[in-house]
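Here is how the chains run, residue by residue.
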Amino acid sequence: MRLDYLTIFPDYLAPLQLSLPGKAVASGLLDVHVHDLRRWTHDRHRTVDDTPYGGGAGMVLKPEPFGEALDELLGDGAEGVTVVVTTPSGEPFTQELARELATRDRLVFACGRYEGIDQRVLDHARTTAEVREVSIGDYVLNGGEVAALAITEAVVRLLPGFMGNAQSLVEESHEGGLLEHPVYTKPASWRGHEVPPVLLSGDHGAIARWRRDQAVRRTVERRPDLLPASAVTGDWTIERAVRADAAEILTLQLACWVREAIANDDLSIPPLHEDLETVTASLADWDTSVVRVGGRLVGSVRGRLDGDVWDIGRLMVAPDLRGRGLGRLLLEHVQAAAPAGAATYRLFTGKDSADNLRMYKKAGFRVREVLDGRSGPAVLTKRISGR
Ligand SMILES: C[S@@+](CC[C@H](N)C(=O)[O-])C[C@H]1O[C@@H](n2cnc3c(N)ncnc32)[C@H](O)[C@@H]1O
């Protein structure tokens, strides 16, 4: 892959010769060219900036030097070339975009400074090449060089042959839609902190389950926005329920448990008979979470510790959003919320609630017993891995 950088501070990009990109340059995998934008100026002061039209603070990078530089670098044929313009108002840089850029033959980075680059540079470049305006985060840097370095590093490590062990790419944060589980190395005990015993067990199935649980737990705690990529569309939040949510929870509960009552031919099931006071009071006893999409309450679940058992209940999803993974998301969320003292998850569902039973079994729950009653209920449990 060929990489070009247009900057007024070429020295800023010296780290490109270090570490892994440096090795890739030496081995010929990468062909790196850093260009001083002032090479394309023609006045005595090698001017690259000017005051903004319309007034305002700061300076703007002039179109002519960038325009001439891109003419020279892109030439006539810009097939397979992407011009990456670093800007805080660009599309967010993600692992997905890194994967996409890694498929290109050549990337030309335009590093901004001051108030940015004259917009016409981008508009004109779009007539010959693909142009992506990219932001590395919701904060403002002084210049685009650091952003270009970050993008470069994320892209080139995806190039075939760049990483010694390609498997390590697969296991990373953001690759499976989850953050990575915590990692440990020797010694097993360090300053009173122990490596989780399951990692020393040699039981590969248990280790895989523990890692998956940890990844889900971390993602739920730190980046819940990553979880439901397939579950819901639009702006959504998952938050701890407050008293003001009680009326909506009750409404959703009634809608959901009518279905359960029909499936189990049992109108006596408790969730159908609760009133607003009961639901409001339950919020003090249970750790309840609610999912909202565009402000609307579309899902809920709750958990409560009973000895060393984490009781899970009232998992509900709005009827029009069923089948999109939202129930699974809520189940993962409530499991991840189990406190340190919990050793087992437990939940109840109607013995004839086929969809629920299928989802719970898929998530590793097993039916322990079916209680006496028209609808059962069935009691399902699951051991919390690593505990
Ligand atoms: C001070 S910033 C310009 C900010 C600009 N006035 C704005 O508010 O969008 C100067 C340059 O730093 C780079 N830059 C700053 N923050 C960035 C970010 N979050 N991602 C990518 N590039 C960034 C861009 O190249 C930008 O042109």
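Note that the structure is a prediction, hence the values are computed from the model and not measured.

Check the secondary structure of the protein chain and you find 11 helices and 16 strands. Over its C-alpha atoms the protein chain spans a radius of gyration of 28 Å, topping by over 25% the 21 Å that the globule rule assigns to 387 residues. Reported as C-alpha extents along the three principal axes, the dimensions of the protein chain are approximately 90 × 55 × 40 Å. Relative to its full complement of 387 residues, the protein chain shows a buried share of 32%. In the protein chain, 70% of the contacts between residues at least 6 apart in sequence involve partners at least 24 apart.

Look at helix 2 (residues 63-74): 16 Å from first C-alpha to last across 12 residues, which is about the 16 Å you get at 1.5 Å a residue. Within helix 2 the residues assigned to the buried category are Pro65, Phe66, Ala69 and Leu70. Seen from one end, helix 2 has its buried residues packed into an arc of 125°, which puts them on one side. Trailing helix 2 by a residue or two, Gly75 shows a phi angle of about 60°, which is positive.

Turning our attention to the domain arrangement of the protein chain. One can read the domain layout of the protein chain as domain 1 (2-167), domain 2 (182-225) and domain 3 (227-383). Put simply, the middle of domain 2 and the middle of domain 3, counted by C-alpha atoms, are 27 Å apart. In this assembly, 6 residues from domain 2 lie in contact with 5 residues from domain 3. When the residues that make up the side of domain 2 that touches domain 3 are grouped by side-chain class, the tally is 3 nonpolar, 1 polar and 2 charged.

Taking strand neighbours across the sheet as the criterion, the 7 strands line up as 10-11-12-13-14-16-15 in an open arrangement whose pairing is mixed. Of all strands in the sheet, those bounded by a partner on one side alone are strand 10 (236-240) and strand 15 (366-370). Pairwise comparison of adjacent strand axes, ignoring direction, gives a mean angle of 25° for this sheet.

Neighbouring the ligand are 19 residues, the closest being Thr86, Gly112, Leu141, Gly144 and Ala147. By residue number, the principal contributor to the shell around the ligand is strand 5 (residues 81-92), which donates 4 residues. Split into classes, the residues belonging to the shell around the ligand amount to 7 nonpolar, 10 polar and 2 charged.

Right, let's talk about helix 10 (residues 326-336) for a bit. Here helix 10 lies mainly inside the structure; 9 of its 11 residues are buried. Along helix 10, the residues that are buried comprise Leu326, Gly327, Leu329, Leu330, Leu331, Glu332, His333, Val334 and Gln335.

Calculation rules
Residues numbered from 1 in each chain as written. Predicted model: local features only at pLDDT ≥ 70, side-chain atom pairs only at ≥ 80, totals over all residues. Helix = DSSP H or I, 4+ residues; strand = E, 2+ residues; numbered from the N terminus. Rg over C-alpha atoms; globule rule 2.2 N^0.38 Å. Buried ≥ 20, exposed ≤ 12 C-beta atoms within 10 Å, placed from the backbone. Contact = placed C-beta atoms within 7 Å. Expected span 1.5 Å × (residues − 1). Arc of directions from axis to C-beta. Domains from an automatic or database assignment. Nonpolar A, V, L, I, M, F, W, Y, C, P; charged D, E, K, R; others polar. Pairing = 2+ DSSP bridges. Axes fitted to C-alpha atoms, helices over the stretch in contact; angles between N-to-C directions. Near = placed C-beta within 6 Å.

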